[in-house]
Each structure stands twice: as structure tokens, then as C-alpha cells.
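# What the coordinates show
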Amino acid sequence: MRAAGEERALMSVAAGDTYEGEEPVVQPRLWHVTLSVSGEEAPLKEVRRGLEQLAHDHPFLLTSRYANDHAEIRYWEEARDLHDAAAVALRLWGEHRQTAKLPPWEIVGLEVIDRETYHQRIAEGYGPLPATPVGVHPF
């Protein structure tokens, strides 16, 4: 027990830590992911076809916007935590580059937010508008 007025040391706790004897509870959550890629110019037809193939290979893709030198992909990812959702997002382009015949672009931006934050932003009138229409579209 502490005496009245005695200072207490603060400790940081890593995400997912449990108290002694507690069983970890793993509950997947939905994360809204926006992945931005860019690089040297590529023919628009090839970029579109590659993004359409990516959407077919990765059925959770919501929408893709593209130009001949950059693209933005938005989708929902189910993951245990932000770290897992971001890890999947950072592998998405590279792992599908050959099978979907995507341009050799690099990832230049990544945003991962939880579902509550996404809906809060929409309700407050800022942040990306809901992906309508769904699919692959030019900028």
C-alpha cells in the first residue's frame, strides 16, 4: 500500500500485454487501409488491367484510383491490430506485382485507421469519402 501523497511510478504497457495469469484475447478488428504507390509512367491500359486483376486476386479491395505514374488502393483489412494490418498492406503490392502484372512502382504512402476512426472522420465531414463507386477508376 502507498502512503497518502506518495508518488507512483508509471509504466508503459506494450499492445497486447496481459496481466499475470490472464489469457490473451485475440479479436480481429476491421482496419481501413489506403495504400499509395508511384513510379515511372506506364500505359494507362496496363495499369488499369493490373489493378483489376489485383482486385480479383484480393477480393477485399474496395476501390482503386490510378494515373499513368501513381495509384491509390483503398480496402478493409481484418487483423488483430494495426501492426498486422499494416504488415499485410506493405506486402500487398510486391506480392501481387508479378501475378497481376502491376507496374514496378514503390509504396509511397500508407494509412491504416480503425473502423471507428474512419466512420468518425466521415461523420465530421473530413477524411476520404466512402468509396463510391466501388472498383477501378482513373483519378
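Residues numbered from 1 in each chain as written. Predicted model: local features only at pLDDT ≥ 70, side-chain atom pairs only at ≥ 80, totals over all residues. Heavy atoms only, no water.

An unreviewed UniProt entry annotates the protein as 2'-5' RNA ligase family protein originating from Streptomyces dengpaensis.

Further remarks concern the overall build of the protein. Along the backbone of the protein there are three helices and five strands. Each helix and strand of the protein, ordered N terminal to C terminal, gives the series β-α-β-β-α-β-α-β. Per-residue burial for the protein yields a buried fraction of 32% across its 139 residues. Long-range pairs, those at least 24 residues apart, make up 72% of the contacts in the protein with a sequence separation of at least 6. (Helix = DSSP H or I, 4+ residues; strand = E, 2+ residues; numbered from the N terminus. Buried < 20%, exposed > 50% of the residue type's maximum accessible area, 1.4 Å probe, protein only. Contact = heavy atoms within 4.5 Å.)

All told, the structure shown has seven salt bridges when counted by the stated rule. The closest approach of N and O atoms between E52 and R48, which form a salt bridge, is 2.9 Å. Placement of both E52 and R48 in helix α1 (residues 44–57) is noted, with a separation of four residues, approximately one turn of the helix. Relative accessible area serves as the criterion here: at 36%, E52 is assigned to the partly exposed category. Across the pair R91 and E95 runs a salt bridge whose closest N-O atoms are separated by 3.2 Å. With R91 and E95 both in helix α2 (residues 82–96) and four residues apart, this pair spans about one turn of that helix. Accessibility expressed as a relative area gives 53% for E95, which makes it exposed. A cluster of three or more residues bridged by salt bridges with shared partners is formed by R80, D81 and D84. (Salt bridge = Lys/Arg side-chain N within 4 Å of Asp/Glu carboxyl O.)

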